[in-house]
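Architecture and fold: a report
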Amino acid sequence: VPSMQPSHCTSDMPWLANRIGDDRLSLISRWQTFIDLGLKIPGGSDCPIETGNPLFEFYAAVTRQNHAGFPKGGWQAQEKVSSLHALKMFTSWAAYGGFDEQKRGQIQVGYDADLTILSNDLLTIKYDQILDTQIIATIVNGKIIYNQL
């Protein structure tokens, strides 16, 4: 299972060519290539190496840019993923990677009620709005543990 942390791509991009050579850059963080092969990609944050913010990870997955929007068009842009695939990376595919796909990763009767309510719909907003998205509430095992309302 190719577990990926999308922010690695965007935080590592400034020094990768010097360390692995230009000829290998297209082999890094091949998210769309793996999806095209039919693989599910569990997404993670690699906290504490990275910040641990899932919205940062989502943004990196769909843009392959840092928070300043660099590079324009995205680094190794052929490997950007759609918003739907990015969402799956942190929900149903993450549950699959943890062997929990029968009880987590979806909003369904009988599944753990672990979910986060956001101020924006990540599937429809413009990419530049992702980093401005706020967490409204977090529910773990059916209990509200954070509520900004």
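All of these numbers come straight from a predicted model, not from anything done at the bench.

**A word on the packing of helix 1 (residues 6-20) against helix 3 (residues 54-63)**
Running from N to C, helix 1 and helix 3 point in directions that differ by 70 degrees, and their axes come no closer than 7 Å. Our classification of the angle between helix 1 and helix 3 gives roughly perpendicular. On helix 3, the residues touching Pro6, Ser7 and Thr10 of helix 1 are Glu57, Ala60 and Ala61. Of the residues that constitute the contact of helix 1 with helix 3, the class distribution is 3 nonpolar, 2 polar and 1 charged.

**Quick notes on helix 1**
With 15 residues, helix 1 should cover 21 Å at 1.5 Å per step; its first-to-last C-alpha distance of 18 Å lies more than 12% under that length. Its axis deflected by about 70 degrees at methionine 13, helix 1 carries its strongest bend there, up to four residues before the proline proline 14. Burial in helix 1 covers these residues: Pro6, Ser7, Cys9, Thr10, Met13 and Leu16. Buried residues in helix 1 make contact with helix 2 (31-36), helix 3 and helix 4 (83-89). Glycine 21, located one to two residues past helix 1, shows a positive phi value of around 90 degrees.

Conventions adopted
Residues numbered from 1 in each chain as written. Predicted model: local features only at pLDDT ≥ 70, side-chain atom pairs only at ≥ 80, totals over all residues. Heavy atoms only, no water. Axes fitted to C-alpha atoms, helices over the stretch in contact; angles between N-to-C directions. Helix = DSSP H or I, 4+ residues; strand = E, 2+ residues; numbered from the N terminus. Parallel < 35°, antiparallel > 145°, perpendicular 65-115°, else oblique. Contact = heavy atoms within 4.5 Å. Nonpolar A, V, L, I, M, F, W, Y, C, P; charged D, E, K, R; others polar. Expected span 1.5 Å × (residues − 1). Bend = angle between axes of the 7 residues up to and from the residue. Buried < 20%, exposed > 50% of the residue type's maximum accessible area, 1.4 Å probe, protein only.

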